[in-house]
Every structure is written in C-alpha cells, then in structure tokens.
Amino acid sequence: MNENSKIYVAGHRGLVGSAIVRKLQEKGYNNLVYRTSAELDLRDKPQVDAFFAKEKPEFVFLAAAKVGGIVANNEYPAEFIHDNLLIQSNIIDAAYRNNVEKLLFLGSTCIYPKLAPQPLKEEYLLTGALEPTNEPYAIAKIAGIKMCESYNRQYGTKYISAMPTNLYGPNDNFDLHTSHVLPALLRKFHEAKENNASFVEMWGTGTPKREFLYSDDLADACVFLMNTYEGDEIVNIGVGEDIAIKELGEKVKAVVGYEGDIQFDTSKPDGTPRKLVDVTKLNGLGWKAETALEDGLQKAYQWFLDNELAAAK
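Since this is a predicted model, take the numbers as computed values, not measurements. (Residues numbered from 1 in each chain as written. Predicted model: local features only at pLDDT ≥ 70, side-chain atom pairs only at ≥ 80, totals over all residues. Heavy atoms only, no water.)

## A short note on the overall build of the chain
Stage number 1. Counting secondary structure elements, the chain contains 10 helices and 13 strands.
Stage number 2. Here the C-alpha radius of gyration of the chain, 19 Å, is about what a compact globule of 313 residues would show, namely 20 Å.
Stage number 3. Principal-axis analysis of the C-alpha atoms places the extent of the chain at approximately 60 × 45 × 40 Å.
Stage number 4. Buried positions account for 53% of the 313 residues belonging to the chain.
Stage number 5. Taking the intrachain contacts of the chain between residues at least 6 apart in sequence as the baseline, contacts between residues at least 24 apart amount to 80%.
Stage number 6. Across the chain, 34 positive and 44 negative side-chain charges occur, with their mean positions spaced 2 Å apart. (Helix = DSSP H or I, 4+ residues; strand = E, 2+ residues; numbered from the N terminus. Rg over C-alpha atoms; globule rule 2.2 N^0.38 Å. Buried < 20%, exposed > 50% of the residue type's maximum accessible area, 1.4 Å probe, protein only. Contact = heavy atoms within 4.5 Å. Lys, Arg positive; Asp, Glu negative; His and termini not counted. Charge placed at Lys NZ, Arg CZ, Asp CG, Glu CD.)

## Details of the sheet that holds strand E11 (residues 243-244)
Stage number 1. Pairing within the open sheet is mixed, and its three strands lie in the order E11-E8-E13. This sheet does not close on itself; its edge strands, each paired only once, are E11 and strand E13 (274-275).
Stage number 2. Relative to E11, strand E8 (residues 209-210) runs antiparallel, the two being bridged by two bridges. Residue pairing in the sheet places Arg210 in a bridge with Ile243 of E11. (Pairing = 2+ DSSP bridges.)

## Observations regarding the sheet that holds strand E4 (residues 102-106)
Stage number 1. As summarised here, the arrangement of the six strands in space is E2-E1-E3-E4-E5-E10, forming an open sheet in which the pairing is parallel. At either margin of the open sheet sits one strand with a lone partner, and together these are strand E2 (32-33) and strand E10 (235-237).
Stage number 2. Alignment of strand E1 (residues 7-10) against strand E3 (residues 59-62), held across four bridges, turns out to be parallel. Bridged to Val9 within E3 is Phe61.
Stage number 3. Contacts between helix H4 (residues 77-97) and the sheet are confined to E1, E3, E4 and strand E5 (159-164), with E3 contributing the most and set at about 170 degrees to the helix. (Axes fitted to C-alpha atoms, helices over the stretch in contact; angles between N-to-C directions.)

## A word on unusual backbone geometry
Stage number 1. With an omega dihedral of -5 degrees, the bond running from Gln118 to Pro119 counts as a cis peptide bond.
Stage number 2. Within the secondary structure, Pro119 sits in the loop between E4 and helix H5 (135-155).
Stage number 3. Phi at Lys56 is positive, roughly 50 degrees, even though this residue is not glycine.
Stage number 4. Structurally, Lys56 is set in the loop between helix H2 (45-55) and E3.
Stage number 5. For Asn196, which is not glycine, the phi dihedral falls at a positive 55 degrees.
Stage number 6. The topology assignment puts Asn196 in the loop between helix H6 (181-194) and strand E7 (199-203).
Stage number 7. Note on Asn196: relative accessible area 71%, which makes it exposed.

Given below as structure tokens:
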C-alpha cells in the first residue's frame, strides 16, 4: 500500500476496525473509505456489490463481524453464523469482482479445536472439535478462511487471513451482558468503586489463563501483514504470553483504584483452562506486540471513562 492507495475498512466503528483506521491515519494513508451499518448493510449482497462498483477500493481490511462474549454466543447462535457468513461472503466476492489488489480477513482464535495443545499453532486448524459455546461463530470464521484460500487458488487473488487473540481497547463493548471478560471486569470494578461495594464477584476459580492484545497493536500487525505477507496460511496475532484470570482481576482492580475484595463464585464455569496463541510465525516475519498489559489497561479504562460514562450522562 502507498499513502494514496484507496483502502476500505469494513467495520470501522468497532474495536478492531477503528484501531485499523487510527493506525492507517497515523502512518500517513490518506485515501480511506468506510460506511456505517446504517449506510451499508454488509449482509445485503446487492448493496455490497454496488458499493464496491462505485468506490473501487484497492485494499480491503475485513474487520466487520457480529461478535460477542460467551453469553451472546449462547443466546444468538443463529445470528452469529448467519450474519458473519453473509458479511464475509459478500465482501470477499465483491473484492474479487472489482479487482481488489489485496484483502485481509480477520478471524479469531476460537477457530481452533477446544482441546488443541497449547500454545495454539496455525496448523491445528480443523484437527478437532470446537468449543460448543461459540461453534457457530467459529464455523463462520473458518468458512471465511477457506473462502479466501479458495479464491486465491481459483482466481489468483491475494487474500490473507489473520487470527487475533483476545482483544481490548478503545471502542470495546463494555456491556456486562454481551461483552468479553476484560471490558466486563473494567466496568464491574468501576461500578463497585462508585458504589462503595465491599467486594467484586468473579466467575469460576480464577485459575484459567488468557492472553490479551491491545487493539492498536493488532492494527499495527494488520497493516504490517497487508504490506509484507502473501501466504495462503493463516497467521496468529498475539503477545505470546498469558495471565491467570485471578491475576487479571488484581491488575484491573489496581488500574481502577478499587479497594474492596475479590470473591470467586466457583459454581460458575471456568471455560477452557488455557488459550494462548503461538506467535512464532508472526515474530519470524518481523513483528512483535509492544503494549504491556498494564499500559493497555490504563488506556482502555481512560477511554471507558471518557466515552462510555460521558455518553451515559
């Protein structure tokens, strides 16, 4: 990509898409195009085809998706598979028909088998059964990966697929009902602090380990891959280290400035014991994550205070 290349970021308002837009602007790319979901329904093929025919983007970051935590995945499985299949299918096909030079498809580490060895290597894809709670979403993402591979094989396109680990940062979803664990904890501890609650309850035992990548680091990796990588194989994006949920709770507590206790409801599920991605491939290509978890938490909490709470007042 050069600074004048026409670049379409699908899903530019979300956690991932907004970070990609920020990173592109920061690096001097000045010909960006995007649409809100109200302006362009990516599930509607005629709308998507008309948009591509009119705008003719040269590069596409496919960050648009229906996403959510374990509760949302459990309650809306039909929407998670239906909407994601339509979004990615429409965009990938329109990209081919309008001669897009290169496309980057963003998946998720939930594509890997539930019981895959740790850390998760790219070659573990399709080697075992998926985690049932997010299987519809994972299957949609796997279909996207295979669609990119298939278009590359049949049409000679340059479509690449990246699999980020757990993400957090500006424009995250902080809704306690539908969000992922880290933004939910930021909100929980903040509300406990505001209400002078004596304790914060966390689910499970606190022993499972998870990896967290700051969204601006992910965006930097995406721009790096768009400019340097052309392989068919998927590429993991992560930090290469994880943290126990109990320790994460302590870090969030410190960032928020909450002084009460943490209690664990061990009647609630722990989920997968560990979920760490192997980033050997990405590191070997020349990219490493830079944002320390403590720094990222500070930035994410400040964004929450400045945006989520300000909007609620």
